[in-house]
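# A look at the structure
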Amino acid sequence: MKICYVCADSGVPLDGHKGASAHVRGLVQALSASRHEVVVVSPSPGVRPLQAARVVPIPAAQVAQLTASAHEPRLTRALQHLWNNVGVERVLEEVLATWRPDVVYERYSPFGIAGACVATSKGLPHILEVNSPLAWEGRVYRQQSLQEAGDFLEKQALAATDLIVAVSHELREELLRLGADPAKI
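Analysis parameters
Residues numbered from 1 in each chain as written. Predicted model: local features only at pLDDT ≥ 70, side-chain atom pairs only at ≥ 80, totals over all residues. Heavy atoms only, no water. Phe/Tyr/Trp six-rings, centres within 6.5 Å; stacked < 30°, edge-to-face > 60°. Helix = DSSP H or I, 4+ residues; strand = E, 2+ residues; numbered from the N terminus. Buried < 20%, exposed > 50% of the residue type's maximum accessible area, 1.4 Å probe, protein only. Patch = residues over 30% accessible without salt bridge, like charges linked within 9 Å, V, L, I, M, F, W, Y side chains within 5 Å. Areas by Shrake-Rupley, 256 points an atom, 1.4 Å probe, with all protein chains shown as cover. Salt bridge = Lys/Arg side-chain N within 4 Å of Asp/Glu carboxyl O. pLDDT = per-residue confidence, 0-100.

## Observations regarding the packing of aromatic side chains
Per the stated rule, a full pass over the model turns up 2 aromatic pairs. Arranged with centres 5.4 Å apart and planes meeting at 20°, the rings of Y5 and Y105 form a pair that is stacked. Taken together, the positions of Y5 in strand β1 (residues 2–7) and Y105 in strand β4 (residues 103–107) put the pair 100 residues apart, joining distant regions of the chain. With centroids separated by 5.7 Å and ring planes inclined at 90°, the aromatic side chains of W136 and Y141 adopt a geometry described as edge-to-face. On the basis of relative accessible area, Y141 is assigned to the exposed category, the value being 56%.

Quick look at the structure:
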């Protein structure tokens, strides 16, 4: 099977030491070891390349350069996440123009909706791996800017995907509370 793996969160470098980075590498390695052809799309490819897959970088959002000296770092971060959807869309369109995967598998990222939109427009199944309710975390722990947009896009991402992979029973219950279709989880 050909799998396009999207990890659009710039805070998850593919060669990083955080659990999220290790999770991405482990899943990509497991998929490749199971003889799947995997292409990874990420804004943080890291310095060391993945051995198990080809990596296609998502260019840094121009808004990051324009707002680097902003006085509102939370607003800057939210705008970077929103604008990242444009980069994800562009790179996925380029990848899918020359390589036809069987599925787009995406690790949920803040404000992220582009993977599901592109997959749907190309008639490809989309799987969304959710490791936490990011809009809720942004509200509770980070005083995230543009919270209404985050909440809206999270609900849209859950609705737009074909299948949701929840990493725990508790997360499944939270996704149901957010309105996710139980048949998709």
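## Observations regarding a nonpolar patch on the surface
Together, L75, L79 and L146 make up a nonpolar patch on the protein surface, roughly 190 Å² of accessible area in all. Mapped onto the secondary structure, L146 falls in the loop between α5 (134–141) and α6 (147–160). Of the residues examined, L146 reaches a relative accessible area of 34% and is grouped as partly exposed.

## A closer look at unusual backbone geometry
Residues other than glycine seldom take positive phi values, yet Q143 does so here, at roughly 45°. One non-glycine residue with positive phi stands out, namely L146, at about 55°.

## Here we look at the confidence of the model for the protein
Of the residues in the protein, 94% have a pLDDT of 70 or more, and the chain-wide mean is 90. Per-element confidence in the protein ranges from a low mean pLDDT of 53 for helix α2 (residues 62–66) to a high of 98 for β4.

## Quick look at the pattern of salt bridges
For the coordinates displayed, the defined rule picks out 6 salt bridges. The partner of E129 in a salt bridge is R107, and the shortest N-O contact between them spans 3.3 Å. With E129 in strand β5 (residues 126–130) and R107 in strand β4, the pair connects residues that are 22 residues apart, well separated along the chain. As far as burial versus exposure is concerned, E129 and R107 are alike and both buried. A salt bridge links R177 to E174; the shortest N-O distance between them is 2.5 Å. Linking R177 with E174, this pair stays in helix α7 (residues 169–177), spanning 3 residues, or about one helical turn.

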